[in-house]
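Residue-level structural notes
Letter by letter, the chains look like this.
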Amino acid sequence: MLTQEQALDIYRSTGAVLKGHFKLTSGRHSDTYMQSAKLFVMPDQAEKVCAALAEKLAEAGVKADMVISPAIGGILMGYEVARQLGLPNIFAERENGEMTLRRGFSFEKGAKFIVTEDVVTTGGSVKEVIELVRSLGGEVVAVASLVDRSNGKVDFGVKFVNLISMDVVSYEPEDCPLCKEGKIELVKPGSRTVFKK
């Protein structure tokens, strides 16, 4: 099994730890961004971290019928974790601002799920997927992430298993010291969108 430091080294070696001025999915700002998409460019490295996460889930006694992830960041990770666990895998995506199942995805009532997400900061997307699963008659037995940026502060009401737990400081936009300095442009990773004040 990978240690936290070994998993973090894989993130660093694949260029997945970015430094700068970032707008996170949560809307908060940070000087550090974990860009898992860079990790998944290297399938052998992605396989290592997802296999380690699957091993941690098994060691934690998590038993599930399916894996589900929020699109888009969790899709590749969810697939690989599900493959490692030998489980079916689906993903949820936003339609008209709400998480939903599309593409013919469905499941039987009572199905037990692991919700996977590459990086958790506030857990907003994961919580939306949990609510979606429950609204359709499923049960969420665990949440699994490669990186927990909240350093264990997020509570999903179910077992939360992760490989890397770190306290990366983030700010509400109005409190962001990087915005106040005005030296580094604000970027939303993935979209390469630069925000002007």
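Each value, and the rule that gives it
Residues numbered from 1 in each chain as written. Predicted model: local features only at pLDDT ≥ 70, side-chain atom pairs only at ≥ 80, totals over all residues. Heavy atoms only, no water. Buried < 20%, exposed > 50% of the residue type's maximum accessible area, 1.4 Å probe, protein only. Helix = DSSP H or I, 4+ residues; strand = E, 2+ residues; numbered from the N terminus. Pairing = 2+ DSSP bridges. Phe/Tyr/Trp six-rings, centres within 6.5 Å; stacked < 30°, edge-to-face > 60°. UniProt positions renumbered as here; feature names shortened; annotations may be inferred. 1 Å grid on protein atoms, 1.4 Å probe; cavity = no way out; pocket = protein on both sides within 12 Å on 5 of 7 lines; lining within 4 Å. Contact = heavy atoms within 4.5 Å. Polar contact = N/O pair within 3.5 Å; in protein donor to acceptor, adjacent residues only side chain to side chain. Salt bridge = Lys/Arg side-chain N within 4 Å of Asp/Glu carboxyl O. Points joined across faces, edges and corners; volume = space filled by probe spheres on them. Nonpolar A, V, L, I, M, F, W, Y, C, P; charged D, E, K, R; others polar. Axes fitted to C-alpha atoms, helices over the stretch in contact; angles between N-to-C directions. Parallel < 35°, antiparallel > 145°, perpendicular 65-115°, else oblique. Left-handed = near helix turned anticlockwise from the far one by under 90°.

In terms of burial, strand β7 (residues 139-148) is a largely internal element, eight of the 10 residues being buried. By the bridge criterion, six bridges tie β7 to strand β8 (residues 159-165) in an arrangement that is parallel. When the sheet's bridge partners are listed, Ser145 is paired in β8 with Asn162.

Following the criterion strictly, the structure yields four aromatic pairs and no others. Note on Phe107 and Phe113: the rings are 4.7 Å apart at their centroids and 70° apart in plane angle, and the pair reads as edge-to-face. Among the residues examined, Phe107 registers a relative accessible area of 16% and is labelled buried. Note on Phe113: relative accessible area 0%, which makes it buried.

Here we take up the UniProt feature "binding site: orotate" (unreviewed entry) in the protein. Listed under "binding site: orotate" (unreviewed entry) in the UniProt record, and renumbered for this structure, are Thr121 and Arg149. These annotated residues cover 29 residues of sequence, and their C-alpha atoms all fall within 4.9 Å of one another, placing them together at a single site. Filtering the just-named annotated residues for those lining the largest pocket gives Thr121 and Arg149. Within the secondary structure layout, Thr121 lies in the loop between β6 (112-120) and α5 (124-135). If near-sequence neighbours (up to four positions away) are discounted, Thr121 is found in contact with Leu24, Arg149, Ser150 and Val154. Within the secondary structure, Arg149 is located in the loop between β7 and β8. On the basis of relative accessible area, Arg149 is assigned to the buried category, the value being 3%. Here Ser30 takes part through its side chain, which lies 3.2 Å from a polar atom of the side chain of Arg149.

This brings us to the pattern of salt bridges. Using the criterion set out here, one finds 10 salt bridges in the structure. The partner of Asp9 in a salt bridge is Arg12, with the nearest N and O atoms 2.9 Å apart. With Asp9 and Arg12 both in helix α1 (residues 4-13) and three residues apart, this pair spans about one turn of that helix. On the basis of relative accessibility, which here comes to 43%, the residue Arg12 falls in the partly exposed class.

If you add up the space inside the largest pocket, you get close to 770 Å³. Residue lining of the largest pocket: 34 residues in total, with Thr25, Tyr33, Gly73, Glu117 and Asp118 positioned closest to the centre. Breaking the lining of the largest pocket down by element, the ones donating at least two residues are β2 (29-34), α2 (36-39), α4 (75-85), β6 and α5. In terms of residue class, the lining of the largest pocket is built from 15 nonpolar, 12 polar and seven charged.

Between helix α3 (residues 43-59) and α4, the shortest axis-to-axis distance is 9 Å and the interhelical angle comes to 55°. Between α3 and α4, the angle falls in the class oblique. Remark: the crossing between α3 and α4 carries right-handed chirality. Across the interface between the two elements, Ala46, Glu47, Cys50, Ala51, Leu53, Ala54 and Leu57 from α3 touch Met77, Glu80, Val81, Arg83, Gln84 and Leu85 from α4.

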